[in-house]
Amino acid sequence: MSNEATPSVETAATGAPDSGSIASFIDHTLLKPEAGEADVLKVCAEAAEYHFKSVCVNPVWVKTVKKALRGSGVLTCSVVGFPLGATPTDVKTFEARGAVLDGADEVDMVINIAAARAGDKGALVEDITSVAEAVHASGAILKVIIETALLTDNQKVLACEAAVEAGADFVKTSTGFNGGGATAEDIALMRRTVGPGLGVKASGGVRSLEDTQAMIAAGATRIGASSGIAIVKGEQGSSSY
């Protein structure tokens, strides 16, 4: 497991940061399938200007983002098995390995959601472990998307426990593509389950400074949003991705 930590759990526990410091929590996100190069470069320029933590894109754009962000201090993040998670483990692992070879500093993978709903912890651990090994071999960070909107609380706990056992660095609420999104209640549950050692990422429907502060107060150490600029300006964003 990587030793990298996003804004620390201690930071989250001491109260919600103001708009001046909150940018360092945000993964500035563009995952729309129709997004083109001009859209991706615009997001990269915004991330560099506002000092967001990372830019999160689909795997085809990793090389473009890595080049555009060079020297900015902003990380490059890619998704894997996105957005359904219904991809064989060896395919997710291959995709993750390709993303880090292309320059991804972080990888956000979607779990086998059906396995979580079936209570098959072993399958979840196997799925996540394989991807974690590929990601960590290059010194990158793995975030595990559990898709909270499709799970019961018991299933969320199971998925988080599997992520811990598999050596993930973060658990993450949502893709933003399957209904629902991050809630403070889910963040608190995930934080209680994983303890202080893992990051917790709130993603899906986080569109305002107030939303973001509530997630961080509940235990989130990273925020995934396409509304990052609106958030740091204290405005209301219009969409999650």
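The paragraphs below set out a description of the structure included in this document. Note that the structure is predicted; figures quoted are calculated from it, not measured. (Residues numbered from 1 in each chain as written. Predicted model: local features only at pLDDT ≥ 70, side-chain atom pairs only at ≥ 80, totals over all residues. Heavy atoms only, no water.)

What follows concerns helix α6 (residues 121-136). For α6, with 16 residues, the first-to-last C-alpha span of 22 Å sits near the 22 Å given by 1.5 Å per residue. Among the residues making up α6, those that are buried are Leu124, Val125, Asp127, Ile128, Val131, Ala132, Ala134 and Val135. Considering only its buried residues, α6 is in contact with α4 (89-102), β4 (106-110), α5 (113-118), β5 (141-145) and α7 (153-166). (Helix = DSSP H or I, 4+ residues; strand = E, 2+ residues; numbered from the N terminus. Expected span 1.5 Å × (residues − 1). Buried < 20%, exposed > 50% of the residue type's maximum accessible area, 1.4 Å probe, protein only. Contact = heavy atoms within 4.5 Å.)

What follows is about the side chain of Arg222. You can see Arg222 is positioned in strand β8 (residues 222-225). Reaching out from Arg222, the side chain makes a polar contact with the side chain of Glu106 at a distance of 2.8 Å. (Polar contact = N/O pair within 3.5 Å; in protein donor to acceptor, adjacent residues only side chain to side chain.)

Let us now look at the pairing of β5. Of all five residues making up β5, five are buried, and the element is well covered by its neighbours. Alternating residues of β5 divide into Ile141, Lys143 and Ile145 and Leu142 and Val144, and every residue in both groups is buried. Of the pairings in the sheet, the one linking β4 to β5 comprises five bridges and is parallel in character. Among the inter-strand pairings, Asp108 is bridged to a residue of β5, identified as Lys143. Note that β5 and strand β6 (residues 170-172) share three bridges and pair parallel. Considered in β6, the bridge of Val144 is made with Val171. The parallel pair β5 and β6 is bridged by α7, and the resulting crossover is right-handed. (Pairing = 2+ DSSP bridges. Right-handed = clockwise from strand over helix to strand, strands pointing away.)

Moving on, we get to the packing of aromatic side chains. The geometry of an aromatic ring pair is captured by the separation of the ring centres together with the interplanar angle, meaning the angle of the planes. By the definition in use, this model includes two aromatic pairs. On the numbers, 5.9 Å between centres and 20° between planes, the contact of Tyr50 with Phe52 is stacked. A relative accessible area of 22% means that Tyr50 is categorised as partly exposed. Classification of Phe52 by relative accessible area gives buried; the value is 2%. Look at Phe82 and Phe177: their rings are 5.3 Å apart centre to centre, the planes differ by 85°, and that puts the pair in the edge-to-face class. Taken together, the positions of Phe82 in the loop between β3 (75-80) and α4 and Phe177 in the loop between β6 and α8 (184-194) put the pair 95 residues apart, joining distant regions of the chain. Across from the ring centre of Phe170, 5.8 Å away, lies the NZ or CZ of Lys143, which sits over that ring. (Phe/Tyr/Trp six-rings, centres within 6.5 Å; stacked < 30°, edge-to-face > 60°. Lys NZ or Arg CZ within 6 Å of the ring centre and 35° of its normal.)

Take the packing of α4 against α6 next. Any two packed helices are characterised by the angle at which their axes cross and by the distance between the axes. Where α4 contacts α6, the axes come no closer than 8 Å and their chain directions differ by 20°. One way to sum up the angle between α4 and α6 is to call them roughly parallel. In terms of crossing hand, the pair formed by α4 and α6 is right-handed. Residue-level inspection shows Thr89, Lys92, Thr93, Ala96, Arg97 and Val100 of α4 in contact with α6, the latter providing Glu126, Asp127, Ser130, Val131, Ala134 and Val135. Among the residues making up the contact of α4 with α6, the classes are represented as five nonpolar, three polar and four charged. (Axes fitted to C-alpha atoms, helices over the stretch in contact; angles between N-to-C directions. Parallel < 35°, antiparallel > 145°, perpendicular 65-115°, else oblique. Left-handed = near helix turned anticlockwise from the far one by under 90°. Nonpolar A, V, L, I, M, F, W, Y, C, P; charged D, E, K, R; others polar.)

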